[in-house]
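Architecture at a glance
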Amino acid sequence: MRMESEAYRMAVSRQFDALRDQEPGRGEERQALERVALEPKQTREFLKKLDREPPEVQRHFYAYLLSRGKTDQFFADMERHLRHRFYEARDEIKQVLASLTQEPEVLPGLFRLIRQTDEGWLAGELIHLCLAFEPEHLAKAVEKALATRDYLLQCLAIYLAGQSGHPRLAEVLVAFYRKPEGEKLDRLESKSRDALLEAGKKLPVSVIRQWLADGNSRVRKVGVEVARSREMVETAVDLVRLVLVDAKNRDDAATTLLALEEAGLELRDGGQGAAEVGQLLRQARADAMEKAIKILARQGGEAVRQVALRLIDFLPSEELLSEARRMAVEDRSIAVQRDALDLLLRRDRKVLLDALVQVAESKGSSLAPELRERLEAIVEGSLTQAEREELRSRVEEKRQRWARALDQYSTDVEWWRRESD
(Lines give C-alpha, C1' and ligand atoms only; values in the text may rest on other atoms or scores of the structure.)
Protein backbone atom coordinates (compact mmCIF):
# COMPACT_ATOMS: atom_id res chain seq x y z
CA MET A 1 0.00 0.00 0.00
CA ARG A 2 2.89 2.34 0.82
CA MET A 3 4.46 1.73 -2.59
CA GLU A 4 1.11 2.36 -4.25
CA SER A 5 0.76 5.68 -2.44
CA GLU A 6 4.30 6.66 -3.30
CA ALA A 7 3.77 5.73 -6.94
CA TYR A 8 0.55 7.72 -6.94
CA ARG A 9 2.26 10.80 -5.50
CA MET A 10 5.02 10.62 -8.06
CA ALA A 11 2.58 10.23 -10.92
CA VAL A 12 0.48 13.17 -9.75
CA SER A 13 3.59 15.33 -9.33
CA ARG A 14 4.72 14.56 -12.88
CA GLN A 15 1.29 15.39 -14.26
CA PHE A 16 1.12 18.70 -12.39
CA ASP A 17 4.58 19.55 -13.73
CA ALA A 18 3.41 18.68 -17.22
CA LEU A 19 0.28 20.78 -16.71
CA ARG A 20 2.40 23.86 -15.96
CA ASP A 21 4.52 23.23 -19.06
CA GLN A 22 1.75 22.41 -21.52
CA GLU A 23 0.93 24.76 -24.37
CA PRO A 24 -2.06 27.08 -23.97
CA GLY A 25 -5.26 25.64 -25.37
CA ARG A 26 -4.28 22.00 -24.89
CA GLY A 27 -6.01 20.10 -22.12
CA GLU A 28 -4.49 16.62 -22.22
CA GLU A 29 -2.63 16.95 -18.91
CA ARG A 30 -5.63 18.44 -17.14
CA GLN A 31 -7.77 15.58 -18.36
CA ALA A 32 -5.15 13.09 -17.19
CA LEU A 33 -5.17 14.67 -13.73
CA GLU A 34 -8.96 14.57 -13.65
CA ARG A 35 -8.82 10.83 -14.32
CA VAL A 36 -6.61 10.20 -11.27
CA ALA A 37 -8.12 12.85 -8.99
CA LEU A 38 -10.88 10.54 -7.79
CA GLU A 39 -8.65 7.53 -7.27
CA PRO A 40 -10.01 5.63 -4.22
CA LYS A 41 -8.16 6.26 -0.94
CA GLN A 42 -5.85 8.80 -2.58
CA THR A 43 -7.91 11.96 -2.08
CA ARG A 44 -5.65 13.52 0.54
CA GLU A 45 -2.52 12.75 -1.48
CA PHE A 46 -3.99 14.49 -4.50
CA LEU A 47 -5.07 17.51 -2.45
CA LYS A 48 -1.63 17.88 -0.87
CA LYS A 49 -0.11 18.15 -4.33
CA LEU A 50 -2.94 20.41 -5.52
CA ASP A 51 -2.34 22.95 -2.75
CA ARG A 52 1.07 23.78 -4.22
CA GLU A 53 -0.45 24.78 -7.55
CA PRO A 54 -1.60 28.27 -8.67
CA PRO A 55 -5.03 29.46 -7.44
CA GLU A 56 -6.74 28.99 -10.81
CA VAL A 57 -5.61 25.34 -10.92
CA GLN A 58 -6.75 24.78 -7.35
CA ARG A 59 -10.15 26.30 -8.15
CA HIS A 60 -10.66 23.99 -11.11
CA PHE A 61 -9.77 20.79 -9.27
CA TYR A 62 -11.59 21.65 -6.04
CA ALA A 63 -14.69 22.26 -8.17
CA TYR A 64 -14.07 19.01 -10.04
CA LEU A 65 -13.70 16.97 -6.86
CA LEU A 66 -16.66 18.51 -5.06
CA SER A 67 -18.98 18.07 -8.02
CA ARG A 68 -17.99 14.43 -8.66
CA GLY A 69 -17.23 13.01 -5.22
CA LYS A 70 -19.59 10.20 -4.28
CA THR A 71 -18.58 8.25 -1.20
CA ASP A 72 -18.64 9.19 2.47
CA GLN A 73 -14.97 8.20 2.65
CA PHE A 74 -14.11 10.70 -0.07
CA PHE A 75 -15.81 13.55 1.80
CA ALA A 76 -14.29 12.45 5.09
CA ASP A 77 -10.81 12.67 3.52
CA MET A 78 -11.56 16.06 1.96
CA GLU A 79 -12.97 17.40 5.25
CA ARG A 80 -9.83 16.29 7.11
CA HIS A 81 -7.59 17.93 4.51
CA LEU A 82 -9.55 21.21 4.54
CA ARG A 83 -9.44 21.29 8.33
CA HIS A 84 -5.62 21.14 8.29
CA ARG A 85 -5.46 23.55 5.37
CA PHE A 86 -7.39 26.16 7.35
CA TYR A 87 -4.88 25.82 10.17
CA GLU A 88 -1.88 26.10 7.83
CA ALA A 89 -2.98 28.71 5.26
CA ARG A 90 -6.38 30.05 6.24
CA ASP A 91 -6.45 33.09 3.94
CA GLU A 92 -5.24 31.14 0.93
CA ILE A 93 -7.79 28.31 1.18
CA LYS A 94 -10.58 30.76 1.93
CA GLN A 95 -9.71 32.65 -1.26
CA VAL A 96 -9.72 29.43 -3.29
CA LEU A 97 -13.05 28.30 -1.86
CA ALA A 98 -14.58 31.75 -2.38
CA SER A 99 -13.77 31.46 -6.08
CA LEU A 100 -16.08 28.43 -6.25
CA THR A 101 -19.21 30.57 -5.95
CA GLN A 102 -19.29 30.71 -9.75
CA GLU A 103 -19.52 26.91 -9.87
CA PRO A 104 -23.04 25.98 -8.66
CA GLU A 105 -22.45 22.28 -9.30
CA VAL A 106 -20.21 22.14 -6.21
CA LEU A 107 -23.04 22.94 -3.80
CA PRO A 108 -24.16 19.33 -3.18
CA GLY A 109 -20.54 18.47 -2.39
CA LEU A 110 -20.25 21.39 0.02
CA PHE A 111 -23.42 20.17 1.71
CA ARG A 112 -21.84 16.72 2.10
CA LEU A 113 -18.71 18.31 3.60
CA ILE A 114 -20.73 20.26 6.12
CA ARG A 115 -22.67 17.13 6.99
CA GLN A 116 -19.40 15.27 7.44
CA THR A 117 -17.55 17.64 9.76
CA ASP A 118 -17.79 17.73 13.55
CA GLU A 119 -15.95 21.04 13.69
CA GLY A 120 -18.41 23.88 14.22
CA TRP A 121 -16.02 26.53 12.98
CA LEU A 122 -15.40 24.66 9.71
CA ALA A 123 -19.11 24.11 9.21
CA GLY A 124 -19.59 27.84 9.76
CA GLU A 125 -16.98 28.71 7.13
CA LEU A 126 -18.60 26.38 4.59
CA ILE A 127 -22.12 27.58 5.40
CA HIS A 128 -20.99 31.15 4.86
CA LEU A 129 -19.56 30.05 1.52
CA CYS A 130 -22.85 28.38 0.52
CA LEU A 131 -24.80 31.53 1.32
CA ALA A 132 -22.56 33.48 -1.05
CA PHE A 133 -23.89 31.57 -4.08
CA GLU A 134 -26.61 33.00 -6.29
CA PRO A 135 -29.97 32.42 -4.58
CA GLU A 136 -31.39 30.53 -7.55
CA HIS A 137 -28.46 28.11 -7.54
CA LEU A 138 -28.61 27.67 -3.78
CA ALA A 139 -32.38 27.11 -3.95
CA LYS A 140 -31.96 24.24 -6.40
CA ALA A 141 -29.33 22.60 -4.19
CA VAL A 142 -31.52 23.07 -1.09
CA GLU A 143 -34.48 21.56 -2.91
CA LYS A 144 -32.45 18.50 -3.85
CA ALA A 145 -31.12 18.10 -0.31
CA LEU A 146 -34.64 18.27 1.12
CA ALA A 147 -35.68 15.48 -1.23
CA THR A 148 -32.86 13.13 -0.14
CA ARG A 149 -34.61 12.01 3.09
CA ASP A 150 -31.13 12.24 4.69
CA TYR A 151 -32.01 13.86 8.02
CA LEU A 152 -28.75 15.77 8.51
CA LEU A 153 -28.72 17.05 4.93
CA GLN A 154 -32.34 18.10 5.29
CA CYS A 155 -31.56 19.96 8.52
CA LEU A 156 -28.69 21.76 6.78
CA ALA A 157 -30.88 22.70 3.82
CA ILE A 158 -33.58 24.03 6.15
CA TYR A 159 -31.02 26.10 8.04
CA LEU A 160 -29.54 27.57 4.84
CA ALA A 161 -32.96 28.51 3.53
CA GLY A 162 -33.78 30.27 6.77
CA GLN A 163 -30.48 32.11 6.97
CA SER A 164 -30.63 33.22 3.35
CA GLY A 165 -33.79 35.25 3.79
CA HIS A 166 -34.31 35.26 0.00
CA PRO A 167 -37.81 34.81 -1.46
CA ARG A 168 -36.71 31.98 -3.75
CA LEU A 169 -35.33 29.90 -0.88
CA ALA A 170 -38.34 30.76 1.26
CA GLU A 171 -40.54 29.40 -1.52
CA VAL A 172 -38.65 26.10 -1.45
CA LEU A 173 -38.83 25.91 2.33
CA VAL A 174 -42.56 26.67 2.41
CA ALA A 175 -43.20 23.87 -0.08
CA PHE A 176 -41.32 21.46 2.20
CA TYR A 177 -43.05 22.77 5.33
CA ARG A 178 -46.45 22.08 3.80
CA LYS A 179 -45.55 18.42 3.42
CA PRO A 180 -42.25 17.39 5.03
CA GLU A 181 -40.84 14.01 4.06
CA GLY A 182 -38.17 11.94 5.77
CA GLU A 183 -37.32 10.61 9.20
CA LYS A 184 -38.18 12.49 12.40
CA LEU A 185 -40.99 14.44 10.78
CA ASP A 186 -41.85 16.34 13.95
CA ARG A 187 -38.30 17.67 14.19
CA LEU A 188 -38.16 18.55 10.51
CA GLU A 189 -41.43 20.43 10.82
CA SER A 190 -40.24 22.28 13.92
CA LYS A 191 -36.91 23.21 12.31
CA SER A 192 -38.69 24.37 9.16
CA ARG A 193 -41.01 26.57 11.18
CA ASP A 194 -38.07 28.13 13.04
CA ALA A 195 -36.24 28.69 9.74
CA LEU A 196 -39.30 30.36 8.21
CA LEU A 197 -39.55 32.68 11.21
CA GLU A 198 -35.86 33.51 10.80
CA ALA A 199 -36.26 34.13 7.07
CA GLY A 200 -39.35 36.20 7.79
CA LYS A 201 -37.17 38.81 9.50
CA LYS A 202 -35.66 39.72 6.11
CA LEU A 203 -38.31 38.87 3.52
CA PRO A 204 -40.33 41.60 1.78
CA VAL A 205 -43.88 42.28 2.95
CA SER A 206 -45.28 40.82 -0.28
CA VAL A 207 -43.93 37.37 0.65
CA ILE A 208 -45.43 37.50 4.15
CA ARG A 209 -48.78 38.45 2.63
CA GLN A 210 -48.52 35.38 0.40
CA TRP A 211 -47.97 33.26 3.51
CA LEU A 212 -51.06 34.77 5.12
CA ALA A 213 -53.08 33.68 2.08
CA ASP A 214 -51.46 30.23 1.79
CA GLY A 215 -53.62 27.15 1.52
CA ASN A 216 -51.86 25.52 4.47
CA SER A 217 -52.97 26.69 7.92
CA ARG A 218 -49.50 26.15 9.44
CA VAL A 219 -47.94 28.44 6.83
CA ARG A 220 -50.61 31.04 7.58
CA LYS A 221 -49.80 30.78 11.28
CA VAL A 222 -46.13 31.49 10.60
CA GLY A 223 -47.20 34.49 8.52
CA VAL A 224 -49.25 35.81 11.43
CA GLU A 225 -46.28 35.48 13.79
CA VAL A 226 -43.98 37.31 11.38
CA ALA A 227 -46.54 40.06 10.79
CA ARG A 228 -46.77 40.61 14.52
CA SER A 229 -43.04 40.49 15.27
CA ARG A 230 -42.28 42.94 12.44
CA GLU A 231 -45.34 45.12 13.14
CA MET A 232 -46.47 44.89 9.52
CA VAL A 233 -49.38 47.31 9.35
CA GLU A 234 -49.59 46.52 5.63
CA THR A 235 -50.94 43.06 6.44
CA ALA A 236 -54.06 44.35 8.22
CA VAL A 237 -56.47 43.30 5.47
CA ASP A 238 -54.93 39.83 5.30
CA LEU A 239 -55.28 39.42 9.06
CA VAL A 240 -58.90 40.60 8.97
CA ARG A 241 -59.58 38.02 6.30
CA LEU A 242 -58.16 35.33 8.60
CA VAL A 243 -60.34 36.53 11.47
CA LEU A 244 -63.36 36.19 9.22
CA VAL A 245 -62.67 32.78 7.65
CA ASP A 246 -59.79 30.94 9.36
CA ALA A 247 -60.99 29.20 12.50
CA LYS A 248 -57.53 27.77 13.25
CA ASN A 249 -55.69 31.08 13.15
CA ARG A 250 -58.54 33.42 14.06
CA ASP A 251 -57.48 34.15 17.64
CA ASP A 252 -53.82 34.73 16.71
CA ALA A 253 -54.79 36.99 13.80
CA ALA A 254 -57.09 39.03 16.04
CA THR A 255 -54.41 39.37 18.72
CA THR A 256 -51.95 40.52 16.05
CA LEU A 257 -54.38 43.14 14.75
CA LEU A 258 -54.74 44.56 18.25
CA ALA A 259 -50.94 44.59 18.59
CA LEU A 260 -50.61 46.43 15.26
CA GLU A 261 -52.77 49.22 16.64
CA GLU A 262 -49.84 50.04 18.92
CA ALA A 263 -47.67 50.26 15.78
CA GLY A 264 -49.91 52.85 14.10
CA LEU A 265 -52.80 50.86 12.63
CA GLU A 266 -56.19 52.55 13.07
CA LEU A 267 -58.65 49.74 12.55
CA ARG A 268 -61.72 51.83 11.89
CA ASP A 269 -63.41 53.36 8.89
CA GLY A 270 -61.04 55.92 7.36
CA GLY A 271 -58.26 55.01 9.80
CA GLN A 272 -54.58 54.84 8.93
CA GLY A 273 -53.69 51.54 7.27
CA ALA A 274 -57.33 50.41 7.07
CA ALA A 275 -58.30 51.40 3.52
CA GLU A 276 -58.01 47.84 2.17
CA VAL A 277 -60.00 46.52 5.13
CA GLY A 278 -62.89 48.80 4.21
CA GLN A 279 -62.75 47.63 0.60
CA LEU A 280 -62.77 43.98 1.68
CA LEU A 281 -65.78 44.38 3.96
CA ARG A 282 -67.82 46.40 1.49
CA GLN A 283 -67.16 44.13 -1.46
CA ALA A 284 -68.91 41.23 0.26
CA ARG A 285 -72.69 40.88 0.45
CA ALA A 286 -73.83 43.14 3.27
CA ASP A 287 -76.15 40.58 4.87
CA ALA A 288 -73.51 37.84 4.77
CA MET A 289 -70.84 40.10 6.24
CA GLU A 290 -73.14 41.35 9.00
CA LYS A 291 -74.01 37.77 9.90
CA ALA A 292 -70.33 36.80 10.04
CA ILE A 293 -69.46 39.75 12.27
CA LYS A 294 -72.37 38.96 14.62
CA ILE A 295 -71.14 35.38 14.97
CA LEU A 296 -67.64 36.62 15.83
CA ALA A 297 -69.08 39.11 18.32
CA ARG A 298 -70.97 36.36 20.14
CA GLN A 299 -68.78 33.27 19.80
CA GLY A 300 -65.21 34.47 19.39
CA GLY A 301 -62.53 34.85 22.03
CA GLU A 302 -61.88 38.20 23.68
CA ALA A 303 -59.50 39.47 20.99
CA VAL A 304 -61.84 38.28 18.25
CA ARG A 305 -64.78 40.11 19.86
CA GLN A 306 -62.69 43.26 20.09
CA VAL A 307 -61.85 43.01 16.39
CA ALA A 308 -65.50 42.35 15.57
CA LEU A 309 -66.34 45.69 17.17
CA ARG A 310 -63.77 47.41 15.00
CA LEU A 311 -65.27 45.80 11.90
CA ILE A 312 -68.72 47.10 12.88
CA ASP A 313 -67.22 50.57 12.49
CA PHE A 314 -66.92 49.91 8.74
CA LEU A 315 -70.53 48.69 8.43
CA PRO A 316 -72.50 50.59 11.07
CA SER A 317 -75.90 49.08 10.33
CA GLU A 318 -78.67 49.37 12.89
CA GLU A 319 -78.48 45.65 13.59
CA LEU A 320 -74.73 45.72 14.18
CA LEU A 321 -74.96 48.79 16.40
CA SER A 322 -77.57 46.94 18.47
CA GLU A 323 -75.05 44.12 18.76
CA ALA A 324 -72.43 46.62 19.95
CA ARG A 325 -74.90 47.90 22.55
CA ARG A 326 -75.45 44.34 23.80
CA MET A 327 -71.69 43.87 24.10
CA ALA A 328 -71.31 47.12 26.02
CA VAL A 329 -73.89 45.91 28.54
CA GLU A 330 -73.52 42.15 28.70
CA ASP A 331 -70.04 41.12 27.58
CA ARG A 332 -67.97 39.36 30.20
CA SER A 333 -64.78 41.21 29.18
CA ILE A 334 -64.17 44.74 30.45
CA ALA A 335 -61.92 45.42 27.44
CA VAL A 336 -64.74 44.47 25.08
CA GLN A 337 -67.23 46.61 26.99
CA ARG A 338 -64.90 49.61 26.81
CA ASP A 339 -64.37 49.12 23.08
CA ALA A 340 -68.12 48.79 22.51
CA LEU A 341 -68.79 52.05 24.36
CA ASP A 342 -66.07 53.81 22.33
CA LEU A 343 -67.61 52.52 19.09
CA LEU A 344 -71.06 53.77 20.05
CA LEU A 345 -69.59 57.11 21.07
CA ARG A 346 -68.23 57.54 17.54
CA ARG A 347 -71.20 56.11 15.69
CA ASP A 348 -74.50 56.67 17.46
CA ARG A 349 -74.97 58.81 20.55
CA LYS A 350 -78.59 57.71 21.00
CA VAL A 351 -77.61 54.04 21.15
CA LEU A 352 -74.73 55.02 23.43
CA LEU A 353 -77.14 56.62 25.89
CA ASP A 354 -79.29 53.47 25.80
CA ALA A 355 -76.22 51.40 26.60
CA LEU A 356 -75.12 53.71 29.42
CA VAL A 357 -78.57 53.53 31.02
CA GLN A 358 -78.56 49.73 30.78
CA VAL A 359 -75.06 49.46 32.24
CA ALA A 360 -75.98 51.72 35.14
CA GLU A 361 -79.20 49.78 35.73
CA SER A 362 -77.73 46.28 35.51
CA LYS A 363 -74.36 46.85 37.16
CA GLY A 364 -75.05 49.62 39.62
CA SER A 365 -72.41 49.83 42.32
CA SER A 366 -70.84 46.55 41.19
CA LEU A 367 -69.12 48.13 38.19
CA ALA A 368 -65.47 47.15 37.81
CA PRO A 369 -63.13 50.10 38.50
CA GLU A 370 -61.77 50.10 34.94
CA LEU A 371 -65.24 50.20 33.42
CA ARG A 372 -66.45 52.82 35.90
CA GLU A 373 -63.46 54.99 34.98
CA ARG A 374 -64.29 54.74 31.29
CA LEU A 375 -67.96 55.52 31.89
CA GLU A 376 -67.08 58.59 33.89
CA ALA A 377 -64.66 59.75 31.19
CA ILE A 378 -67.38 59.43 28.54
CA VAL A 379 -70.05 61.15 30.62
CA GLU A 380 -67.87 64.02 31.78
CA GLY A 381 -65.66 64.45 28.73
CA SER A 382 -67.77 63.52 25.71
CA LEU A 383 -71.46 64.06 26.47
CA THR A 384 -73.12 67.42 26.16
CA GLN A 385 -74.91 68.97 29.11
CA ALA A 386 -78.24 67.98 27.63
CA GLU A 387 -77.10 64.40 27.14
CA ARG A 388 -75.85 64.20 30.71
CA GLU A 389 -79.18 65.46 32.02
CA GLU A 390 -81.05 62.97 29.87
CA LEU A 391 -78.81 60.17 31.12
CA ARG A 392 -79.35 61.07 34.78
CA SER A 393 -83.09 61.38 34.24
CA ARG A 394 -83.38 58.00 32.53
CA VAL A 395 -81.21 56.26 35.10
CA GLU A 396 -83.27 57.73 37.93
CA GLU A 397 -86.48 56.71 36.23
CA LYS A 398 -85.15 53.16 35.83
CA ARG A 399 -84.19 53.00 39.49
CA GLN A 400 -87.59 54.23 40.66
CA ARG A 401 -89.31 51.73 38.40
CA TRP A 402 -87.10 49.01 39.81
CA ALA A 403 -87.85 50.10 43.38
CA ARG A 404 -91.61 50.04 42.74
CA ALA A 405 -91.35 46.57 41.22
CA LEU A 406 -89.34 45.36 44.20
CA ASP A 407 -91.93 46.72 46.61
CA GLN A 408 -94.69 45.01 44.70
CA TYR A 409 -92.77 41.76 44.68
CA SER A 410 -92.19 41.98 48.44
CA THR A 411 -95.90 42.55 49.02
CA ASP A 412 -96.85 39.57 46.88
CA VAL A 413 -94.48 37.10 48.50
CA GLU A 414 -95.36 38.13 52.05
CA TRP A 415 -99.11 37.32 51.76
CA TRP A 416 -98.82 34.25 53.96
CA ARG A 417 -97.68 36.35 56.89
CA ARG A 418 -100.87 38.43 56.79
CA GLU A 419 -103.06 35.34 56.55
CA SER A 420 -101.27 33.69 59.46
CA ASP A 421 -101.86 36.76 61.57
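For the structure itself, look to the data block above.
Not measured: the values here are computed from a predicted model.

1. Regarding the packing of aromatic side chains
Any aromatic ring pair is given by two values, namely how distant the centres are and how the planes are angled relative to each other. Within this structure, the stated rule accounts for four aromatic pairs. Relative to F75, the ring of F74 lies with its centre 5.0 Å away and its plane at 85 degrees, an arrangement referred to as edge-to-face. Given the relative accessible area of 7%, F74 is considered buried. An aromatic cluster of three or more residues is present, and its members are F86, Y87 and W121. Its guanidinium or amino end placed over the ring of Y151, K184 lies 4.5 Å from that ring's centre, counting from NZ or CZ. One residue, R218, lies across the ring of Y177, its end atom 4.5 Å from the ring centre.

2. Here we look at the side chain of T117
Following the sequence through the fold, T117 ends up in the loop between α7 (107-116) and α8 (120-131). At 2.8 Å, the side chain of T117 and the side chain of E79 are in polar contact. Every residue in contact with T117, bar those within four places of it in the chain, is listed here: E79, L122 and A123.

3. A short note on the environment of T256
Tracing the sequence through the fold places T256 in helix α16 (residues 250-261). C-alpha of T256 to C-alpha of R228: the two residues are 28 residues apart in sequence and 5.4 Å apart in space. Residues in contact with T256, not counting those within four places in the same chain, are V224, A227, R228 and L239.

4. Looking at the packing of α7 against α8
Viewed as axis vectors pointing N to C, α7 and α8 meet at an angle of 160 degrees, and their least axial separation amounts to 9 Å. By the angle between their directions, the pair α7 and α8 is classed as roughly antiparallel. In the crossing of α7 with α8, the sense of the turn from one axis to the other is left-handed. Contacts from L107, L110, F111, L113 and I114 of α7 reach α8 at A123, L126, I127, L129 and C130.

5. Some details on the pattern of salt bridges
Should their charged atoms come close, side chains of opposite charge can pair. Across all of its chains, the model carries 41 salt bridges by this definition. A salt bridge links D150 to R115; the nearest nitrogen and oxygen atoms lie 3.0 Å apart. Taken together, the residues span a long stretch of sequence, with D150 in the loop between α9 (135-146) and α10 (151-164) and R115 in helix α7 at a distance of 35 residues. We classify D150 as partly exposed; its relative accessible area is 22%. Since its relative accessible area comes to 32%, R115 is described here as partly exposed. Of the charged contacts, one joins R241 and D238 as a salt bridge, the two residues approaching to 3.6 Å between their closest N and O atoms. With R241 and D238 both in helix α15 (residues 236-245), this residue pair falls three residues apart, about one helical turn. On the accessibility criterion, D238 (7% relative accessible area) is buried. The structure contains a network of salt bridges with shared partners spanning D269, R282, D313, R346 and R347.

Parameters at a glance
Residues numbered from 1 in each chain as written. Predicted model: local features only at pLDDT ≥ 70, side-chain atom pairs only at ≥ 80, totals over all residues. Heavy atoms only, no water. Phe/Tyr/Trp six-rings, centres within 6.5 Å; stacked < 30°, edge-to-face > 60°. Buried < 20%, exposed > 50% of the residue type's maximum accessible area, 1.4 Å probe, protein only. Lys NZ or Arg CZ within 6 Å of the ring centre and 35° of its normal. Helix = DSSP H or I, 4+ residues; strand = E, 2+ residues; numbered from the N terminus. Polar contact = N/O pair within 3.5 Å; in protein donor to acceptor, adjacent residues only side chain to side chain. Contact = heavy atoms within 4.5 Å. Axes fitted to C-alpha atoms, helices over the stretch in contact; angles between N-to-C directions. Parallel < 35°, antiparallel > 145°, perpendicular 65-115°, else oblique. Left-handed = near helix turned anticlockwise from the far one by under 90°. Salt bridge = Lys/Arg side-chain N within 4 Å of Asp/Glu carboxyl O.

Don't take any of this as a statement about function, it's just geometry.
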